[in-house]
Amino acid sequence: MEHLLDNPAWNALCSGNNSLSNGNQFAKYFSPDVSPFTGLPAATVENFQHLHEITPVDGPFGLMTPVKVDFPQPWKMLREMDIVQMVCENPIERPMANQAEIIPLTEQNVPEMLALTKLTNPGPFLRRTIEMGHYRGIFKEGKLVAMAGQRLNPVPYAEISAVCTHPDHLGKGYAAQLLLDQIRRIKAARQIPFLNALTTNIRAIKLYESIGFTVRKEIFISIFQKAER
């Protein structure tokens, strides 16, 4: 049987992210102001056609797959990214020299969250991405300087996402603290943390490994849009 994380967006849209899901049994998608990710039960020409018919905007969209996909007309692929998918079954707690206070983030914080993610580019973060859940951050002198939250939730797996730190506050251990905070929350909910990292992002991969994440497999994220007929 296919592993849930081989098709994480589809399985998330059918389970833990169902309240944010649009679509039908052939194709699903998040609202454009929540996330660009779409899901298909299988990358068939017929399912791509269903997706084309039901999505209200031209894109861009994102699709996670365990193998590379040839996009049929009327779709056009814009970019493909090689990703390592990592899972944390046994987190490694480690002492932190300077523990920072971690604060739940709300809709009032969205402007700061948008500014921080635009500066640091941890992946797509939009006006309603916060609704995917459990965003928490670190503030210094009243300003948001680091954050992390949850994105895809293909039960029983929960993805940690938007892990980012303002460039002026790097090297203080904030990312590790936020990651461990998210891991504890996910474990307390009897779920399993996972995340995705670009294969080229060696620094991030080493950080994730240092707190207990292991590579499950390589997957691909395709960015695509509707093509002109």
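Just so it is clear, the model here is predicted, and its values are computed rather than measured. (Residues numbered from 1 in each chain as written. Predicted model: local features only at pLDDT ≥ 70, side-chain atom pairs only at ≥ 80, totals over all residues. Heavy atoms only, no water.)

A. Spotlight on the layout of surface pockets. Taken as a whole, the largest pocket encloses approximately 1,300 Å³ of empty space. At the level of elements, β4 (61-65), β5 (75-87), β9 (157-165), α4 (174-188), β10 (192-198), α5 (202-210) and β11 (214-226) are the ones that each hand at least two residues to the lining of the largest pocket. Here the residues of the lining of the largest pocket are counted per class, giving 27 nonpolar, 12 polar and 6 charged. (1 Å grid on protein atoms, 1.4 Å probe; cavity = no way out; pocket = protein on both sides within 12 Å on 5 of 7 lines; lining within 4 Å. Points joined across faces, edges and corners; volume = space filled by probe spheres on them. Helix = DSSP H or I, 4+ residues; strand = E, 2+ residues; numbered from the N terminus. Nonpolar A, V, L, I, M, F, W, Y, C, P; charged D, E, K, R; others polar.)

B. The sheet that holds β4, seen in detail. Strands sit in the order β4-β11-β5-β10-β9-β8-β7-β6 across an open sheet of 8 strands; the sheet is mixed. Taken across any chain shown, the strands that pair with only one partner, and hence form the sheet edges, are β4 and β6 (103-104). Where β5 and β10 come together, 5 bridges link them in antiparallel fashion. Bridge pairing links Val-84 to Ala-197 in β10. (Pairing = 2+ DSSP bridges.)

C. Expanded view of the state of the cysteines. By the definition in use, this model includes 0 disulfides. Take Cys-88: it sits in no disulfide, and the sulfur closest to it among the cysteines is that of Cys-164, at 20 Å. Exposure remark for Cys-88: the relative accessible area of 0% places this residue in the buried category. The class for Cys-164 is buried, based on a relative accessible area of 5%. (Disulfide = S-S within 2.5 Å. Buried < 20%, exposed > 50% of the residue type's maximum accessible area, 1.4 Å probe, protein only.)

D. Region of the structure containing the pairing of strand β7 (residues 136-140). Of the strand pairs in this sheet, β6 and β7 are connected by 2 bridges, and their pairing is antiparallel. Across the sheet, residue Ile-103 finds its bridge partner in β7, namely Gly-137. Examined bridge by bridge, β7 and strand β8 (residues 143-150) share 5 bridges and lie antiparallel to one another. Bridge pairing in β8 places Gly-137 opposite Met-147. Counting the residues in the hairpin turn of β7 and β8 gives 2 residues, including Glu-141, whose phi is positive at 55 degrees.

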